[in-house]
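Chain and residue survey
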Amino acid sequence: MSLALAPLDTIDVEVGVDLPCRRFDPDLWFSDAPAELELAKSLCGDCPVRVECLAGAVERAEPWGVWGGEIFERGAAIPRKRPRGRPRKEDVARDEALRAEVATRVAADIRVAA
């Protein structure tokens, strides 16, 4: 069940708290467009349940979407979604560096949640 559709009583936040995934179109968090996914990531930045959302997504190995401010694809957090087509060589190298950074950040956030 996505956090956007979860009943508020299953989330450990106050009922009056404004969650971005409930305020905006849920399709934004599952878009195919890289720009829309970046927008969804930015909206998650100030969310009060961001860390719990991310930890749950890692635990469930969410197949895709934005969870806790990170993009998931095939059950793993990725730094960014590439546009369609063959990537440039410099983009491949940059993605490897970003992938390592995201893995470190996700691990640190999950340690905070625990």
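All of these numbers come straight from a predicted model, not from anything done at the bench.

Attention shifts here to the sheet that holds strand S2 (residues 70–73). Pairing within the open sheet is antiparallel, and its three strands lie in the order S1-S2-S3. Whereas interior strands pair on both sides, the edge strands pair on one side only; in this sheet they are strand S1 (64–67) and strand S3 (76–78). Averaged over all pairs of adjacent strands, the angle between strand axes in this sheet comes to 35°, irrespective of strand direction.

The next subject is the packing of aromatic side chains. In this description, an aromatic ring pair is defined by two values, namely the gap between the centres and the angle between the planes. Counting across every chain of the model gives two aromatic pairs. Relative to Trp64, the ring of Phe30 has its centre 5.0 Å away and its plane inclined at 70°; by these criteria the two rings are edge-to-face. Residue Phe30 is found in the loop between helix H1 (20–23) and helix H2 (34–44), and its partner Trp64 is found in strand S1; the two are separated by 34 residues along the sequence. In this structure Phe30 comes out as partly exposed when scored by relative accessible area, which is 25%. Following the ring pairs from residue to residue traces out a cluster consisting of Phe30, Trp64 and Trp67. For the cation-ring pair, Arg60 lies above Trp67, with the distance from its terminal atom to the ring centre recorded as 5.2 Å.

On to the pairing of S1, then. Alignment of S1 against S2, held across four bridges, turns out to be antiparallel. Looking at S2, one finds that Gly65 is bridged to Phe72. Turn length for the S1-S2 hairpin, with the two strands adjacent in sequence and antiparallel, is two residues, and the turn residue Gly68 shows positive phi of about 60°.

What follows deals with the UniProt feature "binding site: [4Fe-4S] cluster" (unreviewed entry) in the protein chain. Under the local residue numbering, the UniProt record ascribes the feature "binding site: [4Fe-4S] cluster" (unreviewed entry) to Cys21, Cys44, Cys47 and Cys53. Spatially, the listed residues are clustered: although they cover 33 residues, their C-alpha atoms lie within 10.9 Å of one another. Examined against the element boundaries, Cys47 turns out to sit in the loop between H2 and helix H3 (50–60). Position of Cys53 among the secondary structure elements: in helix H3.

Looking now at a negative patch on the surface. Taken together, the side chains of Asp25, Asp27, Asp32 and Glu36 make up a negatively charged region of the molecular surface. Assignment of secondary structure puts Asp25 in the loop between H1 and H2.

On to the nonpolar core. Of all hydrophobic cores here, the largest spans 12 residues; its members are Leu19, Cys21, Leu28, Trp29, Leu37, Ala40, Cys44, Cys47, Val49, Val66, Ile71 and Ile78. Ranked by the residues each element gives to this core, the list is headed by H2, at three residues. With seven residues, the next largest nonpolar core counts Ala57, Trp67, Phe72 and Val106 among its residues.

Backbone geometry places Ala61, a non-glycine residue, at a positive phi of 50°. Residue position: Ala61 is located in the loop between H3 and S1. We note that Arg74 has phi near 55°; this positive angle belongs to a residue other than glycine. Among the structural elements, Arg74 can be located in the loop between S2 and S3. Residue class for Arg74 comes out exposed when judged on its relative accessible area of 74%.

Rules and cut-offs
Residues numbered from 1 in each chain as written. Predicted model: local features only at pLDDT ≥ 70, side-chain atom pairs only at ≥ 80, totals over all residues. Heavy atoms only, no water. Pairing = 2+ DSSP bridges. Helix = DSSP H or I, 4+ residues; strand = E, 2+ residues; numbered from the N terminus. Axes fitted to C-alpha atoms, helices over the stretch in contact; angles between N-to-C directions. Phe/Tyr/Trp six-rings, centres within 6.5 Å; stacked < 30°, edge-to-face > 60°. Buried < 20%, exposed > 50% of the residue type's maximum accessible area, 1.4 Å probe, protein only. Lys NZ or Arg CZ within 6 Å of the ring centre and 35° of its normal. UniProt positions renumbered as here; feature names shortened; annotations may be inferred. Patch = residues over 30% accessible without salt bridge, like charges linked within 9 Å, V, L, I, M, F, W, Y side chains within 5 Å. Areas by Shrake-Rupley, 256 points an atom, 1.4 Å probe, with all protein chains shown as cover. Salt bridge = Lys/Arg side-chain N within 4 Å of Asp/Glu carboxyl O. Lys, Arg positive; Asp, Glu negative; His and termini not counted. Charge placed at Lys NZ, Arg CZ, Asp CG, Glu CD. Core = buried A, V, L, I, M, F, W, Y, C linked by side-chain atoms within 4.5 Å.

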